[in-house]
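Tertiary structure, described
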Amino acid sequence: MEHQKNFDKDPKEKEFVEKLVTLNRTSKTVKGGRRMAFAALTVVGDQKGRVGYGLGKANDVSEAIKKSIDKAKRNLITVPMKNGTIPHDIIGKYKSSEVLLKPACSGTGIIAGGTVRAIMDAAGATDVQSKSLGSSSAVNVVRATFDAISKLMDAKKVAANRGKTLDELWG
């Protein structure tokens, strides 16, 4: 019976796409020399609209990556998408980093820097334009992108806010 539990767990882990955004090495000088530590920033997504990020720190690279992936899976948010793109323009901010996300027509692809590209790939978006403004710190750009994604509204929300039906909104 216990073997069955492990069998059920494996396919669920395979449904997520894991992308390592940055791996940072820090060192602390101690009596015997330098002690290395690692910080890993990863993005996890199911390519169906759910995406999350995590930051893990450890004395070993593989342990830091494992921790960051676990944190990312716990912090998933949903990206409202239609035909592989986002519904409207949005600017996300975190400290001095700003990320501008724009919808794009089919066939454009993901026009974005490495950090934002990883997030959009993991979310399953196929056509998005983006521009990173301000600070280019990877952690802050990821947080700014997630701020933008969390502020996105889907068509149903927009219609409800305006007091119209979806048919009236699309014409």
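Each remark here, short or long, concerns the structure printed above.
Residues numbered from 1 in each chain as written. Predicted model: local features only at pLDDT ≥ 70, side-chain atom pairs only at ≥ 80, totals over all residues. Heavy atoms only, no water.

Let's talk about the nonpolar core
For clarity, the cut-off: For the purposes of this section, nonpolar cores are sets of buried Ala, Val, Leu, Ile, Met, Phe, Trp, Tyr and Cys residues that join through side-chain atoms within 4.5 Å. The cut-offs for exposure are 20% and 50% of the maximum accessible area for each residue type, with area from a 1.4 Å probe on protein chains only; residues under the lower value are buried, those over the upper are exposed, and the others partly exposed. We count a stretch as a helix when DSSP gives it H or I for four or more residues in a row; a strand needs E for two or more, and each element gets its number in order from the N terminus. In this analysis, two residues are considered to be in contact whenever any of their non-hydrogen atoms come within 4.5 Å of each other.
Counting 25 residues, the largest nonpolar core has Val51, Val79, Leu101, Val116, Ile119 and Met120 as the members making the most contacts within it. Mapped by element, the contributors of at least two residues to this core are β2 (33-45), β6 (97-103), α3 (114-123) and α4 (138-151). Ranked by the residues each element gives to this core, the list is headed by α4, at seven residues. In this structure Ile119 touches Val43, Val51, Val142, Thr145, Phe146 and Ile149, once residues within four positions along its chain are discounted.

Examining the sheet that holds strand β5 (residues 90-94)
For the record, the criterion: Strands pair, by our definition, only if DSSP identifies at least two bridges between them. Axis lines are fitted through C-alpha atoms, for helices just across the contact stretch, and the angle between N-to-C directions can take any value from 0 to 180 degrees.
The strand order across the open sheet formed by four strands is β5-β6-β8-β7, and the pairing between neighbours is mixed. The open sheet terminates on both sides in strands that have one partner only, identified here as β5 and β7 (110-111). Across seven bridges, the pairing between β6 and strand β8 (residues 128-134) is antiparallel. Within β8, the position partnered with Leu101 by the bridge is Ser130. Docked against the sheet, α4 engages β5, β6 and β8, running at close to 135° with respect to β5.

With respect to a positive patch on the surface
Heads up, the condition is: Grouping into patches uses exposed residues only, defined as over 30% relative accessible area, and leaves out salt-bridged ones; the cut-off is 9 Å for like charges and 5 Å for nonpolar side chains (Val, Leu, Ile, Met, Phe, Trp, Tyr). Only the protein chains shown count as cover for residues, and the accessible areas themselves come from Shrake-Rupley with a 1.4 Å probe. Should a side-chain nitrogen of Lys or Arg be within 4 Å of a carboxyl oxygen of Asp or Glu, the pair is scored as a salt bridge. His is not counted, nor are the chain ends, whereas Lys and Arg count as positive and Asp and Glu as negative. Note on charges: their place is set at NZ of Lys, CZ of Arg, CG of Asp or CD of Glu.
A cluster of basic residues, Lys57, Lys67, Lys71 and Arg74, forms a positive patch on the protein surface. Per-element tally for the positive patch: the top contributor is helix α2 (residues 61-74), with three residues. Taking relative accessible area as the criterion, Lys71 reaches 36% and is therefore assigned partly exposed.

Things to note about the pattern of salt bridges
Under the defined criterion, the tally for this structure stands at two salt bridges. The salt bridge involving Glu18 is made with Lys73; its shortest N-O contact spans 3.7 Å. In this pair, Glu18 is assigned in strand β1 (residues 17-30) and Lys73 in helix α2, connecting sequence segments 55 residues apart. Assessed through its relative accessible area of 41%, Glu18 is described here as partly exposed. Note that Asp147 and Lys151 form a salt bridge whose closest N and O atoms lie 3.5 Å from each other. Placement of both Asp147 and Lys151 in helix α4 is noted, with a separation of four residues, approximately one turn of the helix. For Lys151, a relative accessible area of 41% puts it in the partly exposed group.

Remember, this is a structural readout, not a statement about activity or role.
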